[in-house]
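Observations on the model geometry
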Amino acid sequence: MDPSQFEKMFAQANSIMGPFADMILQTARFPPANGEALVVLDQACGSGVVSSHIMSRLYPEDKARLDLTCADISEPAITQMRRRIEASGWNNARAVTNDAMSSDFPSSHFTHIFFNFGPQILPDPIAGLKECHRTLRPGGVLGLSAWQVVPWAADYRAGIATDPSLPAFPTSDQLRYAFSSTPEKWDTIHDVTKHLEDSGLTAIAASSMDNTTTMTIAEVEAMLPYSLDMMIQKFWTKEEVEKFKVPATKAIVSYLGEKYGTGPVVWKWVAVVACGKKE
Ligand SMILES: C[S@@+](CC[C@H](N)C(=O)[O-])C[C@H]1O[C@@H](n2cnc3c(N)ncnc32)[C@H](O)[C@@H]1O
């Protein structure tokens, strides 16, 4: 991916997930006023939304006590994160590839781990939380978020349903388990609190928040190769993906045109934001 494409992806990811990243930092009371070292992990960093919110939130004296690691399983994401770190002059940061369920980070190392829309994307989300618990130092804080409502799914499903020759878009229940193969739910404050408790964290603070985005249909079309692909690759056969990806995209874009007319596509994203502490 060329760097300008990555920056566009970052801008879109930031408009959707940035407010939740900010809420995680607020809930975690980051940065603490104790003047101690901040040894921070941006887990499943993607395009680096959390890291850029950390950087824009810190005063120079806080940046001087920051040691930031950005980690993701995706090599292309990490290559781009390294470019971003260098271009932004974050000399106290690094980007590494890592599996959030079993990393090679030392035990009791980080003061803070931020996992914005991470756990639900793992095959075994609880293994990811336990790994956070292992790598946090005593007194360390984990902050995370988990989707309750991902609004594009309803519009994509309705758009695809307008053309009976297309395979069905996955149901909400199928999407809930699109990535994980374990049975836990993540879309209530109660569920998320329990997962944090079961992973050994205490002093849990959890709440639900929403973020409304407005995009042009052209902007939605630009994100379709990622958002639609990610889902149909999971639920359609390889032959169906090859045969129906283009007509499915057309059906969605035409449905959006009918539904939203010349106005923006208005989507309300809802998520649980939660933090817990390692004793
Ligand atoms: C929804 S994105 C989250 C992005 C980011 N945290 C943010 O706030 O924008 C999920 C990220 O999880 C990464 N991911 C998926 N499986 C992973 C794993 N096992 N370990 C680490 N990262 C993983 C993906 O590569 C992707 O970048």
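The shown structure was predicted, so the numbers you read here are calculated from the model rather than taken from an experiment.

1. Some thoughts on the UniProt feature "domain: Methyltransferase" (unreviewed entry) in the protein chain
Under the UniProt annotation, "domain: Methyltransferase" (unreviewed entry) lies at residues 40–140. In the segment residues 40–140, helix accounts for 38% and strand for 27%; the C-alpha atoms at its two ends are 10 Å apart.

2. Digging into the site of the ligand
Close to the ligand lie 21 residues; Ala-44, Gly-46, Val-49, Ala-100 and Asn-116 are nearest. Those elements that place two or more of their residues in the shell around the ligand are helix 1 (3–27) and helix 2 (49–57). For the shell around the ligand, the element with the most residues is helix 1, which contributes three residues. For the shell around the ligand, the residue count by class is 14 nonpolar, five polar and two charged.

3. Quick look at the environment of Pro-119
Along the chain, Pro-119 turns up in the loop between strand 4 (110–115) and helix 5 (125–135). Residue Pro-119 is classed as buried on the basis of its C-beta count, with 28 C-beta atoms lying within 10 Å. Spatially, the C-alpha atom of Pro-119 lies 17 Å from that of Lys-278, the residues being 159 residues apart in sequence. In contact with Pro-119, other than residues within four places in its own chain, are Pro-125, Gly-128, Leu-129, Leu-144, Ala-146 and Trp-186.

4. Comments concerning the pairing of strand 7 (residues 265–278)
Pairing between strand 5 (residues 136–149) and strand 7: eight bridges, direction antiparallel. The residue bridging Leu-144 from the neighbouring strand is Ala-274, located in strand 7. Two strands pair when backbone bridges link them, and strand 6 (residues 201–215) and strand 7 are joined in this way by 13 bridges, in the antiparallel orientation. Residue pairing across strands places Met-215 opposite Val-265, the latter belonging to strand 7.

Definitions and cut-offs
- Residues numbered from 1 in each chain as written.
- Predicted model: local features only at pLDDT ≥ 70, side-chain atom pairs only at ≥ 80, totals over all residues.
- UniProt positions renumbered as here; feature names shortened; annotations may be inferred.
- Helix = DSSP H or I, 4+ residues; strand = E, 2+ residues; numbered from the N terminus.
- Near = placed C-beta within 6 Å.
- Nonpolar A, V, L, I, M, F, W, Y, C, P; charged D, E, K, R; others polar.
- Buried ≥ 20, exposed ≤ 12 C-beta atoms within 10 Å, placed from the backbone.
- Contact = placed C-beta atoms within 7 Å.
- Pairing = 2+ DSSP bridges.

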